[in-house]
Amino acid sequence: RAVAMSVSHSSRLNKLVREQYMRLPQDGRVQVTYVWIDGSGEGVRCKSRTLDKEPKSIEDVPEWNFDGSSTAQAEGSNSDMFLVPVCMFRDPFCLDPNKLVLCEVLKYNRKPAETNLRHTCKKVMDLAKDSHPWFGMEQEYTLLGINGHPYGWPDNGFPGPQGPYYCGVGADKVYGRDIVESHYKACLYAGVKICGTNAEVMPSQWEFQVGPCEGIEMGDHLWMARFILHRVCEDFGVVATLDPKPMTGNWNGAGCHTNYSTEEMRREGGLKHIEAAIEKLSKRHDYHICVYDPRGGRDNSRRLTGHHETSNIFEFSAGVANRGASIRIPRQVGQDGCGYFEDRRPAANCDPYAVTEAIMRTTVLNETGVETKDYAEH
């Protein structure tokens, strides 16, 4: 009974009744769900409309608008915001030919909304495109009951200490695998470049990985993977939180480790380019910490303590196979002399556009200091 009470009421509705309607034909028309980032910089919103025929490319999806005063993005007296489609996916909830469409948000004057960090990221990626940057991001998250308590944890007290849960198997070690596997399949169907998943160190904490993605594609695919995660969790009646430290005490936090390489790092002898990039990052630690969570580093300060497989937020460090460092060079990369490195500092609730843009500004565009350069429209 305790477990049943921790899920939402709507998840208990009869899903067989829903299936009866989902099987009805659409007579050639298509449902398109527009997805965007709201004024928190963390939440996603969506709404749907009908198109007369299936869009074959993003150019076939018209711009739309929404009430920004209800998403903390505008005031009521001037509330219309533009939704500009940028990336299209198959819809794993309503199935083909229906679509999910990720959108940028523009204000009434066509300038990017404050939480539209894709706009400048795209400019930076275009400037650095000849370096062919590849990213892979490891999204950690924690499943909560509708009561805000970690899903599957005892109502009173705590589960046993960390140790048996990471990549665990068994009902006493793993909570919520149905959700994880449903999310994985939904992402594959949608066309999201999901490349793996695993149970994490804290019980009811999980991770999925997206990549490799080149340039702006990284942020597009991770944001859509997050939307699909929240939508799958809605069906199961639980909540996925990206809070970087959902449980205080002797429990692991949640990050979004970012793997990165340029073409020259991937080539033979690339290790020297990896080391050069890490040297640039070491001189700009404060700037990166400021953009690696939505609150200028305050969220990460709860997580980056130097304990629980993290570095200390105040210090930059790098090492081979060192999970307590800011930057980890995988052991295989050290042996091969080329490959990629992992920035372990981004928080689980980071904006991937901000993270990938910052890495490019520092390692390819050679920016220094805490100020960023404003590049003209390309």
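Here the structure is a predicted model, which means the values were calculated and not measured. (Residues numbered from 1 in each chain as written. Predicted model: local features only at pLDDT ≥ 70, side-chain atom pairs only at ≥ 80, totals over all residues. Heavy atoms only, no water.)

J.: An account of the pairing of strand 10 (residues 256–261) is requested, with residue identities and associated values reported.
T.: Most of strand 10 is tucked away: six of the six residues are buried. Relative to strand 10, strand 6 (residues 134–144) is paired through six bridges, and the arrangement is antiparallel. Residue Glu138 lies in a different strand from strand 10, and its bridge partner there is His257. Alignment of strand 10 against strand 13 (residues 341–343), held across three bridges, turns out to be antiparallel. For Tyr260, the partnering residue across the bridge sits in strand 13 and is Phe341. (Buried < 20%, exposed > 50% of the residue type's maximum accessible area, 1.4 Å probe, protein only. Helix = DSSP H or I, 4+ residues; strand = E, 2+ residues; numbered from the N terminus. Pairing = 2+ DSSP bridges.)

J.: Go over helix 7 (residues 271–282), please, and point to the residues and values.
T.: In this model helix 7 runs 16 Å from its N-terminal to its C-terminal C-alpha over twelve residues, within 8% of the 16 Å that 1.5 Å per residue would give. For helix 7, the complete set of buried residues consists of Ile274, Ala277, Ile278 and Leu281. Projected onto a plane normal to the axis of helix 7, the buried residues spread over an arc of 100° and lie on a single side. (Expected span 1.5 Å × (residues − 1). Arc of directions from axis to C-beta.)

J.: Mind laying out unusual backbone geometry, listing which residues take part and the relevant values?
T.: Of note, the bond from Asp96 into Pro97 is cis; its omega dihedral lies within 30 degrees of zero at 5°. Inspection of the secondary structure assignment puts Pro97 in the loop between strand 4 (80–90) and strand 5 (99–106). Here the phi dihedral of Asp27 falls at roughly 55°; this positive angle occurs in a residue that is not glycine. If you trace the backbone, Asp27 turns up in the loop between helix 2 (15–22) and strand 1 (30–37). The phi dihedral of Leu95 falls on the positive side, at around 65°, and the residue is not glycine. Tracing the backbone through its elements, the reader meets Leu95 in the loop between strand 4 and strand 5. A relative accessible area of 43% places Leu95 in the partly exposed class.

J.: Would you mind going over the nonpolar core in detail, with residue names and values included?
T.: Counting 72 residues, the largest nonpolar core has Tyr141, Leu143, Val192, Met224, Ile228 and Phe341 as the members making the most contacts within it. With ten residues, helix 5 (residues 217–236) is the largest single contributor of residues to this core. When neighbours within four sequence positions are excluded, Ile228 is seen to be in contact with Pro92, Phe93, Leu100, His183, Ala186, Cys187, Ala190 and Val192. Core analysis: the second largest hydrophobic core is formed by 15 residues, Tyr34, Leu51, Trp64 and Met81 among them. (Core = buried A, V, L, I, M, F, W, Y, C linked by side-chain atoms within 4.5 Å. Contact = heavy atoms within 4.5 Å.)

J.: Residue-level account of the packing of aromatic side chains, with values.
T.: For the coordinates displayed, the defined rule picks out eight aromatic pairs. Seen in terms of ring centroids, Phe135 and Tyr260 are 5.3 Å apart; in terms of plane orientation they differ by 25°. Their pairing is stacked. Residue Phe135 is found in strand 6, and its partner Tyr260 is found in strand 10; the two are separated by 125 residues along the sequence. A single burial state applies to Phe135 and to Tyr260, both of which are buried. What links up through ring pairs into an aromatic cluster is the set Phe135, Tyr260 and Phe341. When the ring centre of Phe82 is taken as origin, the NZ or CZ atom of Arg110, which lies over that ring, is 4.7 Å away. Across the ring face of Phe93, the terminal group of Arg231 is positioned such that the distance to the ring centre comes to 4.4 Å. (Phe/Tyr/Trp six-rings, centres within 6.5 Å; stacked < 30°, edge-to-face > 60°. Lys NZ or Arg CZ within 6 Å of the ring centre and 35° of its normal.)

J.: Outline the pattern of salt bridges, supporting the account with residue identities and numerical values.
T.: Applying the stated criterion across every chain yields a total of 25 salt bridges. Salt-bridge contacts for Asp96 lead to Arg90; the nearest nitrogen and oxygen are separated by 2.6 Å. Taking the relative accessible area as the measure of exposure, Asp96 reaches 40% and is therefore partly exposed. With relative accessibility at 32%, the residue Arg90 sits in the partly exposed group. Among the salt bridges present, the one from Arg118 reaches Glu104, with a minimum N-O distance of 3.0 Å. Here the residue Arg118 occupies a position in helix 3 (residues 118–127), and Glu104 occupies one in strand 5, the gap between them amounting to 14 residues. (Salt bridge = Lys/Arg side-chain N within 4 Å of Asp/Glu carboxyl O.)

J.: Outline the domain arrangement of the protein chain, listing residues and values.
T.: Here the protein chain is partitioned into domain 1 (10–115) and domain 2 (125–364). Taken together, the contact between domain 1 and domain 2 spans 21 residues of the former and 23 residues of the latter. The junction of domain 1 with domain 2 conceals about 1,900 Å² of combined surface from both sides, 69% of it contributed by carbon and sulfur atoms. Of all residues in domain 1, Glu42, Phe89 and Phe93 give up the largest surface area on contact with domain 2, accounting jointly for 34% of the area buried on that side. Here domain 1 and domain 2 share one salt bridge between them. One can count five residue pairs in polar contact (both at pLDDT 80 or more) joining domain 1 with domain 2. Among the elements of the structure, helix 2, strand 1, strand 2 (44–51), strand 4 and strand 5 are those that each provide at least two residues to the side of domain 1 that touches domain 2. By residue class, the composition of the side of domain 1 that touches domain 2 is twelve nonpolar, three polar and six charged. (Domains from an automatic or database assignment. Buried area = accessible area lost by both parts, 1.4 Å probe. Polar contact = N/O pair within 3.5 Å; in protein donor to acceptor, adjacent residues only side chain to side chain. Nonpolar A, V, L, I, M, F, W, Y, C, P; charged D, E, K, R; others polar.)

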